[in-house]
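# Summary of the model geometry
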Amino acid sequence: MAASTFAATFAALYAAHSFGDHWVQTHRQACAKGTPGQLGQIACATHAVTLAGTKMVALGLVALIAGLNLSGLAVLIGLTVDGISHYWADRRFTLAELAERVGKGDFYRLGAPRPGTGDAPHLGTGAYALDQSWHIGWLFITALIIAA
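Everything in this summary refers to the structure shown in the same document.

### A closer look at the nonpolar core
- Counting residues in each nonpolar core, the largest one holds 16 residues, and the members touching the most others are Leu13, Leu59, Leu68, Leu70, Val75, Leu79 and Ile146.
- Mapped onto this core, the elements with two or more residues apiece are α1 (3-24), α3 (37-66), α4 (72-90) and α7 (126-147).
- Here this core takes 5 residues from α1, the largest share from any one element.
- Once residues lying within four places of it in the same chain are set aside, the contact partners of Ile146 are Thr9, Leu13, Leu59, Leu70, Ala74, Val75 and Gly78.
- Core analysis: the second largest hydrophobic core is formed by 6 residues, Ala89, Leu95, Tyr108 and Ala127 among them.

### A look at the pattern of salt bridges
- Evaluated as defined, the whole model comprises 5 salt bridges.
- Residue Lys33 pairs with Asp90 through a salt bridge whose shortest N-O separation is 2.9 Å. Here Lys33, found in the loop between α2 (27-32) and α3, pairs with Asp90, found in helix α4; they are 57 residues apart in sequence, far enough to count as distant. Across the pair, exposure class does not vary: Lys33 and Asp90 are buried alike.
- In this structure, Asp106 engages Arg109 in a salt bridge whose closest nitrogen and oxygen atoms are separated by 2.7 Å. Taken together, the residues span about one helical turn, with Asp106 and Arg109 both in helix α6 (residues 105-109) at a distance of 3 residues.

The rules we used
- Residues numbered from 1 in each chain as written.
- Predicted model: local features only at pLDDT ≥ 70, side-chain atom pairs only at ≥ 80, totals over all residues.
- Heavy atoms only, no water.
- Core = buried A, V, L, I, M, F, W, Y, C linked by side-chain atoms within 4.5 Å.
- Buried < 20%, exposed > 50% of the residue type's maximum accessible area, 1.4 Å probe, protein only.
- Helix = DSSP H or I, 4+ residues; strand = E, 2+ residues; numbered from the N terminus.
- Contact = heavy atoms within 4.5 Å.
- Salt bridge = Lys/Arg side-chain N within 4 Å of Asp/Glu carboxyl O.

Purely spatial values, then, with no claim about function.
In structure tokens:
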């Protein structure tokens, strides 16, 4: 694997992730993806698919401009792994449970509204930090798969 292919792939995935997770994701998807049942599952799956599409566009552009020769199969496998990991984390209860199991439950709840108050509505929560770091870790793995 060429280090430059990995670096360009990771940069494209990272930029596309940030854009797709915050700009492409609809308000409905953001609000519903963690809810129980089929509505939450569909909202989360739709978000994961549109995010994968955003990442595919970014990979295509960087491959074209930087002259990368990426394997279509490797891109498909990498984006599938990334999409599954993204869906898993964005169902919310899954990541919350993992945080509890590894001793990060208090950090996960940091900045969350106190029960019954609805206060602290902001992005600076432990849940958000763990969510984004989870996704970025999987972007690294995805870039390794694609660039290998």
